[in-house]
Amino acid sequence: MENFNFYSPTYFIFGKGRENEVGEWINRFGGSKVLVHYGGSSAVKSGLLDRVKASLKKNNIDFIELGGVKPNPRSGLVYKGIEICKREGIDFLLAVGGGSVIDSAKAIAAGALYDGDFWDFYCGKEVEKALPVGTILTLAAAGSEGSDGSVITHENGMLKRSAAGDALRPTFSIMNPELTFTVSPYQTACGITDMMAHVMERYFTNTKEVEVTDRLCEGLLVAIINEAPKVLARPDDYNARANIMWAGTIAHNDICGVGREQDWATHKMEHELSGLYDVAHGAGLAVMFPAWMKYVMQHDVMRFAQFAVRVWGCEMDFQHPENTAKKGIEKFEQFLVSIGMPIRFEQLGAKPEDIPILVKNMQLGDRTLGNFVKLTEEDITKIYELAV
Ligand code: NZQ
Ligand code: ZN
């Protein structure tokens, strides 16, 4: 196991009706002038936003609203939010929505305390300070409610990039599984795929003897695989939604990734897809993850065989571990299809002739991508081709 720091300061407030406490929690964490950030329409339609505002009023908290965050959130609204924060003396951000809303709020929170262009943070500068961000999560997927990351697409070139820093970890996250009952089957499946991908980016590692995190990853994947058909069959199954919601958080707050080298090549390859085609991140991952696995499997057949046996219940073929490894990837693909995910470029609306653009947009230069196998531009091209 490698040395690590683990800092996960978020206060999680989980369960039925907990969003009605939001005003109390903002008071407790010292917010007095709040920017309430939300997406297109779901939080308005469900009445959630009205309940949030009622709680803020009851607790005498001043607030300004900024809605309109699109999936794959854009830089334009972030600039607008930063300007509002600076002008109005905002001291707390409240994100009401999914990963896109939370990421947009995080970007605004960092930009509000920075004199330069917030985009610097998405070009490699670490975020060292940000306004506090509280979240009310409405979609189990990205894990942004507990993560130190934020992903934004710059409208100039539609480049999708991520920023990171401990200052971006939310101060609190309110998680009521009931709020996810209205998420469509497609978005639910995208979320399930994303959380599985967050575990697998950590699972496929060159670090040896990381038994605790290996078992955490495997257990989490098995639980997600078991709960997925339940939430898809019955969207208002509270306990299944609750399990999926908590899985999404621990899949990405890094408790499953400490002490081990992590990969993240597939996420970067996917971000180019959702940047260029504006597709859902989870759907892009469903197309890219099996392709990446097929390409890198030979690098550590035994790790893939372990994944097949412990996660997918495959029988170990001791004579030919490669067959077991392949079986695991096949089972993963079948699972993705069973929950309604695309697994090919065409199903996503991506075009094979755009592969050189996807690779170029990555701006890798002489660098490589990922850690499990360090991928060159040529490797990345081949992986995109495997996904066609
Ligand atoms: O905009 P509204 O009307 O709210 O609709 C949203 C949106 O259309 C809808 N939705 C959300 N909650 C709902 C709901 N519909 C009905 N009922 C509800 N309760 O769902 C749609 C998708 O929302 P979005 O926030 O985009 O989805 P998700 O949570 O999957 O977030 C995706 C974004 O997170 C980034 C992705 O790249 C993508 O941009 N990621 C962020 C990470 C992080 N910050 O740590 C890590 C991830 O790897 C990921 O890259
Ligand atoms: Zn993701």
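Residues numbered from 1 in each chain as written. Chains lettered and ligands numbered in written order. Predicted model: local features only at pLDDT ≥ 70, side-chain atom pairs only at ≥ 80, totals over all residues. Heavy atoms only, no water.

## Some points on the sheet that holds strand E2 (residues 33-38)
No. 1: One open sheet accounts for 6 strands, arranged E1-E8-E5-E4-E2-E3; its pairing is parallel. The open sheet terminates on both sides in strands that have one partner only, identified here as strand E1 (11-14) and strand E3 (62-66). The sheet shows a mean angle of 20° between the axes of neighbouring strands, taken without regard to direction.
No. 2: Alignment of strand E4 (residues 92-97) against strand E5 (residues 133-137), held across 5 bridges, turns out to be parallel. The residue of E5 that forms the bridge with Leu-94 is Gly-134.
No. 3: Helix-sheet contacts for helix H5 (residues 99-111) involve E2, E3, E4 and E5, and the interaxial angle to E4 is about 165°.
No. 4: Running over the sheet, helix H8 (residues 238-250) touches E1, E5 and strand E8 (172-175) and is turned about 170° from E1. (Pairing = 2+ DSSP bridges. Helix = DSSP H or I, 4+ residues; strand = E, 2+ residues; numbered from the N terminus. Axes fitted to C-alpha atoms, helices over the stretch in contact; angles between N-to-C directions. Contact = heavy atoms within 4.5 Å.)

## A few points about the side chain of Asn-361
No. 1: By the secondary structure assignment, Asn-361 is in helix H14 (residues 355-361).
No. 2: Look at Asn-361 and you get buried, because its relative accessible area is 16%.
No. 3: Residues contacting Asn-361, with those up to four places away along its chain left out, are Leu-159, Arg-161, Glu-272 and Leu-276. (Buried < 20%, exposed > 50% of the residue type's maximum accessible area, 1.4 Å probe, protein only.)

## Let's talk about the site of ligand 1
No. 1: Ligand 1 sits among 32 residues. The nearest are Gly-40, Ser-42, Gly-99, Ser-100 and Asp-103.
No. 2: Contact distances for ligand 1 include 2.7 Å between an oxygen atom and a side-chain N or O atom of Ser-42.
No. 3: Separating an oxygen atom of ligand 1 from a side-chain N or O atom of Ser-100 is a distance of 2.5 Å.
No. 4: Notes on ligand 1: free accessible area 960 Å², of which the protein chains cover 87%.
No. 5: Counting only elements with at least two residues in the shell around ligand 1, the list comes to H5, strand E6 (149-154), helix H6 (185-203) and helix H9 (265-277).
No. 6: Of the residues assigned to the shell around ligand 1, the class counts are 9 nonpolar, 20 polar and 3 charged. (Near = heavy atom within 4 Å. Polar contact = N/O pair within 3.5 Å; in protein donor to acceptor, adjacent residues only side chain to side chain. Areas by Shrake-Rupley, 256 points an atom, 1.4 Å probe, with all protein chains shown as cover. Nonpolar A, V, L, I, M, F, W, Y, C, P; charged D, E, K, R; others polar.)

## Things to note about the packing of helix H7 (residues 211-233) against helix H11 (residues 301-312)
Relative placement of two packed helices is described by the angle separating their axes and the distance separating the axes.
No. 1: Packing of H7 against H11 brings their axes to within 9 Å, and their N-to-C directions diverge by 45°. As summarised for this structure, H7 and H11 are arranged oblique, according to the angle between their axes. Here H7 runs over H11; the crossing is right-handed. Contacts between H7 and H11 involve Glu-211, Asp-214, Arg-215, Glu-218, Leu-221, Val-222 and Ile-225 from the former and Arg-303, Gln-306, Phe-307, Arg-310, Val-311 and Trp-312 from the latter.
No. 2: By residue class, the composition of the contact of H7 with H11 is 6 nonpolar, 1 polar and 6 charged. (Parallel < 35°, antiparallel > 145°, perpendicular 65-115°, else oblique. Left-handed = near helix turned anticlockwise from the far one by under 90°.)

## Some thoughts on H5
No. 1: When the terminal C-alpha atoms of H5 are compared, their 18 Å separation across 13 residues agrees well with the 18 Å that a helix rising 1.5 Å per residue should span.
No. 2: Where burial is concerned, most of H5 is hidden: 12 out of the 13 residues are buried.
No. 3: Burial in H5 covers these residues: Gly-99, Val-101, Ile-102, Asp-103, Ser-104, Ala-105, Lys-106, Ala-107, Ile-108, Ala-109, Ala-110 and Gly-111.
No. 4: If you follow the buried residues of H5, they end up packed against E2, E3, helix H4 (75-88), E4, E5 and E6. (Expected span 1.5 Å × (residues − 1).)

## Some points on the coordination of the zinc ion (ligand 2)
No. 1: Protein-derived ligands of the zinc ion (ligand 2) are Asp-194 (OD), His-198 (NE2), His-267 (NE2) and His-281 (NE2), with the metal-ligand distances lying across 2.0 to 2.2 Å.
No. 2: All donors of the zinc ion (ligand 2) come from a single chain, and their spacing in sequence reads D-x3-H-x68-H-x13-H. Taken together, the positions of Asp-194 in helix H6 and His-267 in helix H9 put the pair 73 residues apart, joining distant regions of the chain. As far as burial versus exposure is concerned, Asp-194 and His-267 are alike and both buried. (Donors = N, O, S within 2.8 Å, 3.2 Å for Na, K, Ca; no water.)

## What about the domain arrangement of the protein chain?
No. 1: Assigned domains within the protein chain: domain 1 (11-179) and domain 2 (184-386).
No. 2: Of note, the centres of domain 1 and domain 2, computed from C-alpha atoms alone, are 27 Å apart.
No. 3: Interface area for domain 1 against domain 2, summed over the two sides, is near 2,100 Å², with a carbon-plus-sulfur share of 59%.
No. 4: It is Ala-140, Lys-160 and Pro-177 that lose the most area in domain 1 upon contact with domain 2, and together they represent 23% of the buried surface on that side.
No. 5: For the pair domain 1 and domain 2, the number of links is 2 salt bridges.
No. 6: Two residues, Arg-161 and Glu-272, come together in a salt bridge whose shortest N-O distance is 3.2 Å.
No. 7: Along the contact surface separating domain 1 from domain 2 lie 9 residue pairs in polar contact (both at pLDDT 80 or more). (Domains from an automatic or database assignment. Buried area = accessible area lost by both parts, 1.4 Å probe. Salt bridge = Lys/Arg side-chain N within 4 Å of Asp/Glu carboxyl O.)

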